[in-house]
Amino acid sequence: MQEDDKILGYQPGNTFIHRLNATTKLIFLLLVSIACMVTYDTRFLVVICVFSLICLKLAGIKWRQISFIVKFIIVFAIINLIAVFIFQPTYGQELYGSKNVLISAGYFTVTKEELFYLLNLVLKYICSVPLVLLFLLTTNPSQFASSLNKIGVSYKISYAVSLALRYIPTIQTDYWAISAAQQARGNELSKKASLGKRIKGTLNIVIPLIFSSIERIDIISTAMQLRRFGSKKKRSWYVYKPFTTKDYFVTAMAIFLVIIVVILWHINAGRFFNPFK
Amino acid sequence: MKEKGLSVKSVVAIGIGAAIYVILARFTSIPTGIPNTNIEIVYPFLALIATIYGPVVGFSVGFIGHALNDFLMYGQTWWSWVLATAILGLIIGLYGMRLDLEHGEFTGKQMVMFNLVQILGNILSWLVIAPLGDILIYSEPANKVFLQGASATIMNSIVIAILGTILLKAYAATKVKKGSLHKD
Amino acid sequence: MEPIIQFKNFSFQYDSQAEPTLRNINFSINPGEKILLAGPSGSGKSTIGRCLNGLIPNVDHGDIQGACLVDGKDITETSLFDLSFTTSTILQDSDSQFIGMTVGEDIAFSLENDCQDREKMHKTVNKWANELELTALLKQTPQTLSGGQKQLVALAGVLVDESPILLFDEPLANLDPAAGYKTIELIDKIQKEVNATVIIIEHRIEEVLAKHVDRIILVNDGEIIADQEPNDLLHTDKLEKVGVRSPLYVKALEKAGINLLEVPDLTSVKELPKSSTIKEKLEIWKSKQTEPDELDHKKALLKLENVGHQYNKHQQNPLHGVNLTVNQGDFISIVGQNGAGKTTLCRTICGFISNEGKISLNNQNLADLSIKERAEHIGYVMQDPNQMISQKMIFDEVALGLRLRNVDEDTIKEKVYQTLKICGLYPFRNWPISALSFGQKKRVTIAAILALEPEIIILDEPTAGQDWKTYTEIMDFLRELNERGTTIMIVTHDMHLMLEYSKRSLAFAKGELIADTTPIDLLTDKNLVAKASLRRTSLYDLAVHYDLDNPNDFVKAYIDSEEQVVK
């Protein structure tokens, strides 16, 4: 009943990637994700794709740990691709400024340009997902807040993120407990029940959950104030680890990749690599 | 206490709010029967927490909650939609500053205003920010993203109008003081 | 010596309240003293605590008259931040005080906020973790810790500050008896080591007095009722008058007609004089007690065969192999350490989680019933009423289960009114739930379950954190229900509750049912007491102290006499 396993969480390990500083991994993830978000250069995307898949392998991540999410993303990606195609099959030719018809079918005419654009979309999905998975599975959540703070997010917001991660399991336990008790009262949540009944049933779980959790906010903020949270402009972090050579190396690599994207932008005169010119 | 920047209570409200957001997003979305259209109870919750704690908390809970949930569930996120959720929290939070739920007050007039504001917020978020973001960041075709935006606007406005109003009213009711009550 | 804490004609009224919470109080505490601040819920004892750590007036606003000086600082002119170096607070709710993601981070929390450098921080954390035997747990998350361990973490987290005042807010509320005793021992040990002034806010006098206390300050209705040494206070009837329970052994002496004024030291069983007159009086009193009526022949109601549940593959000591029969009209207490499987058992019986074995009710296999259908036979009441209540009005909350079962409104009205009458809530039927006290809310949640007329009600720690008055109110009500024929099962850490109210105890340890016997037999079996993390009652110690033959009978006689008082 409780889908505990279906959440991406830290899996301790001792590979090169596990040993990297959390801040390094965060910087790498952010810079490379932005780079992949910006560019539509197929060559760059293919390289990052291959690279991030190799990293997954290097980190010793097993297929079963990520299979459910990969399947989900594949389904989502296919639906999205079909939607993009249905809504505007001519989008590719507008982007690349040429028209090479493959299958002529009126509104749904398939062009090489459209297929190439869709290929780029797919590559973009594949690029970003392994990097995020890599980050989530190899980074101790304790170190996440301090890394956010290190890359310039205020420590208060960083700590709010840490609190969220700390209390997700607690609130999840509460949710299941309340849900069971409400189902015993007779609230229907199963697919068999009518929509109205399900909404009412869900509301009867959500209201006690939300109100009792909001009461917690006061207690926790009191506890934090009594231990001087927010009294200084800065704070230090118990879990923070200093940078080592490999961290500088990986950070430099991330910056290098961003520079490549900038160069590619100039060569391509824009986001798109256009092989049809 | 005089504090620089965000108060401790706001920090905690953001943290706990984001945690509740993640749990609600994972477990309480109800399919309507129309494909890809779910009743998302997180949005009424976002409206509640934004009205209680104000725009900064509303924005941050929307942003962190949405992003965390996406990452933990799907391994990736759509930043344009994350930003849209955050802006919705911000707008409702701005209006929330004029409300006083903490003292059990939520009149009919305020209810109407709340709903006008939330509908405007939904339009701005899903019909402007999310689609524009999709076009700018992901270069998706305009008519697709605007249609998605329109359906999100309608759905979320209705959900907040009904469930959000119920939630706000229920919260205000828990703050009623004993005062005039007598046994009978 | 200059007092470290001084209240001078001090009054305080919260902005949100119509009446002052503290009225013209005067007392002082010297450095190095150990004070027990006692009183019923709502007496103002926690408010005094909130003055000492500066939450008043920095967080809780209100009107202050007179003066409160903490380490020479006037609280109205001191920031929360400055005062936090003077007063360290260990809050009642140790789960909410656990802010860090792991034990190490949580201990370091205030040092991080002081922006201390990492090396120094790690050194301090290691020192205190070592002191409190937490070193092996430094990387654990709060979800994997017991209540007692969380409290140790909270303690370590404030000891790093080395402040002169340690304030404990109801440290025993969420602990099992053995862990509670350990806490009291630890507070004693730490105080001696760091030479701090210790203030313990508690209403459980007997447990706190397990170690020496310098003075008890008794608060009621915002005023100081007593400020004297424990021994002097125990010689008066002030405690019971304000609704704070005096130690069981003291009550037993009184019952036996012993003049307390003739007993020089009442602070512990050990200190009682070995006098033959006392022994005689106890013997005579014991022999006068009549056995209560023999129990009727009981009809088997719920049968558990090989019941068990494992949450996940990594779980150590999952609940397994439970075999027992619950009879019609039983009043059962379920006890044992945190994580021993008590709650898991209840959740399995209610069908909230899957079951490895077989459970049958009146020979019907429960596996055939849905959660909803089971609830018509077995009701479950959660510990926190706020997690159960979803409606605004009392009537609607109690009617919810019936409405969801499509009972017609007329029948619902009749049944709800009837239930509300049983629960003593009828006069409140048109009230919003938010206007009720904790005890009343608890009753509403019980009423909501009762409306479905289940044969069995299971309650998870119904009295945790409640003062004696609320405790008595809830428990007497449950006893009444039991006498009307409802079978009751209670998960509890409270030894008094177990002894006084339940007729049968199930003890769990490491996922196994280790005892199914009467509460007295359980509590007098050394081996079981240790395994289930319980504490022997002071009545037993009293009987041993005076060499009474068969101490168990003495305990039993006392419990029976209490029950007759109620009837």
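Residues numbered from 1 in each chain as written. Chains lettered and ligands numbered in written order. Predicted model: local features only at pLDDT ≥ 70, side-chain atom pairs only at ≥ 80, totals over all residues.

## Focus on the sheet that holds strand β16 (residues 378–381) of chain C
Residues and elements named next belong to chain C. We count it as follows: Pairing between two strands is assigned when DSSP locates at least 2 bridges connecting them. Secondary structure follows DSSP: runs of H or I at least 4 residues long count as helices, runs of E at least 2 residues long count as strands, and numbering of each begins at the N terminus. For helices, the fitted line uses only the C-alpha atoms of the stretch in contact; every axis is such a line through C-alpha atoms, and the angle between N-to-C directions lies from 0 to 180 degrees.
What the 6 strands build is an open sheet, ordered β16-β17-β18-β13-β19-β20; its pairing is mixed. Strand pairing shows two members of the sheet lacking a second neighbour, β16 and β20 (512–517), which therefore form its edges. Neighbour-to-neighbour, the strand axes of the sheet open up by a mean angle of 20 degrees, direction not taken into account. With 5 bridges connecting them, strand β17 (residues 456–460) and strand β18 (residues 487–491) associate as parallel partners.

## Points about the interface of chain B and chain A
How we decide: By the convention adopted here, residues make contact when the C-beta atoms placed from their backbones lie within 7 Å. Side-chain classes are defined by residue name, with Ala, Val, Leu, Ile, Met, Phe, Trp, Tyr, Cys and Pro counting as nonpolar, Asp, Glu, Lys and Arg as charged, and the others, Gly among them, as polar.
Chain B puts 44 residues into the contact, and the matching count from chain A is 48 residues. For the side of chain B that touches chain A, the elements supplying multiple residues, two or more each, are α1 (8–27), α2 (42–53), α3 (55–74) and α6 (142–174) of chain B. Considering each element in turn, the side of chain B that touches chain A owes the most residues, 15 residues, to α1(B). Taken together, the residues that form the side of chain B that touches chain A break down as 30 nonpolar, 10 polar and 4 charged.

## A closer look at the sheet that holds strand β5 (residues 73–74) of chain C
Residue and element names in this part refer to chain C. The strand order across the open sheet built from 4 strands is β2-β1-β4-β5, with neighbouring strands paired in antiparallel fashion. Only two strands of the sheet have a single partner each, and these edge strands are β2 (22–29) and β5. Bridge count between strand β1 (residues 5–14) and strand β4 (residues 62–70): 8 bridges; the pairing is antiparallel. Each residue of the ladder has a partner; that of Ser-11, found in β4, is Gln-65.

## Quick look at the domain arrangement of chain C
Residue and element names in this part refer to chain C. Selection rule: Either an automatic procedure or a domain database provided the assignment from which the domain bounds are taken.
When its domains are assigned, chain C resolves into domain 1 (5–244), domain 2 (247–288 + 539–567) and domain 3 (300–538). One C-alpha centre belongs to domain 1, the other to domain 3, and the line joining them spans 32 Å. Contacts between the two partners involve 18 residues from domain 1, matched on the other side by 15 residues from domain 3. With 4 residues, the top contributor of residues to the side of domain 1 that touches domain 3 is helix α8 (residues 177–194). Looking at the side of domain 1 that touches domain 3 residue by residue, the class counts come to 8 nonpolar, 7 polar and 3 charged.

## Notes on the packing of helix α8 (residues 155–185) of chain A against α3(B)
If you want to describe how two helices pack, look at the angle between their axes and the distance between the axes. Applicable threshold: Comment on the angle field: the value is read as roughly parallel under 35 degrees, roughly antiparallel over 145, roughly perpendicular from 65 to 115, and oblique elsewhere. Handedness of a crossing is defined here by the sense of rotation of the near helix relative to the far one, left-handed for an anticlockwise turn of less than a right angle and right-handed for a clockwise turn.
Look at α8(A) against α3(B): their axes get within 11 Å of each other, and the N-to-C directions meet at 50 degrees. Relative to α3(B), α8(A) is oriented oblique. Seen along the crossing, α8(A) lies across α3(B) with a hand that is right-handed. From α8(A), A:Ile157, A:Ala160, A:Val161 and A:Ala164 reach across to α3(B), where they touch B:Ser60, B:Ile64 and B:Leu68. Along the lines of polarity and charge, the residues of the contact of α8(A) with α3(B) split into 6 nonpolar, 1 polar and no charged.

## A closer look at the confidence of the model for chain A
Operational definition: Every residue is assigned a pLDDT by the predictor, reflecting its confidence on a scale from 0 to 100.
With 97% of its residues at a pLDDT of at least 70, chain A reaches an overall mean of 89. The lowest-confidence element of chain A is helix α4 (residues 63–87) of chain A, averaging 85 in pLDDT; the highest-confidence one is helix α10 (residues 245–268) of chain A, averaging 94.

## Regarding the nonpolar core
Note the following rule: For this analysis, nonpolar core means a set of buried Ala, Val, Leu, Ile, Met, Phe, Trp, Tyr and Cys residues linked through C-beta atoms within 7 Å. For every residue, the other C-beta atoms within 10 Å of its own C-beta are counted; 20 or more classify it as buried, 12 or fewer as exposed, and values in between as partly exposed. C-beta atoms are placed from the backbone.
Core analysis: the largest hydrophobic core is formed by 257 residues, its most contacted members being A:Ala164 and C:Ala156. Counting residues per element, this core draws most heavily on α8(A), at 16 residues. Not counting chain neighbours up to four residues away, the residues in contact with C:Ala156 comprise C:Ile107, C:Trp128, C:Ala129, C:Leu132 and C:Leu134. With 25 residues, the next largest nonpolar core counts A:Cys49, A:Ile126, A:Val132 and A:Val261 among its residues.

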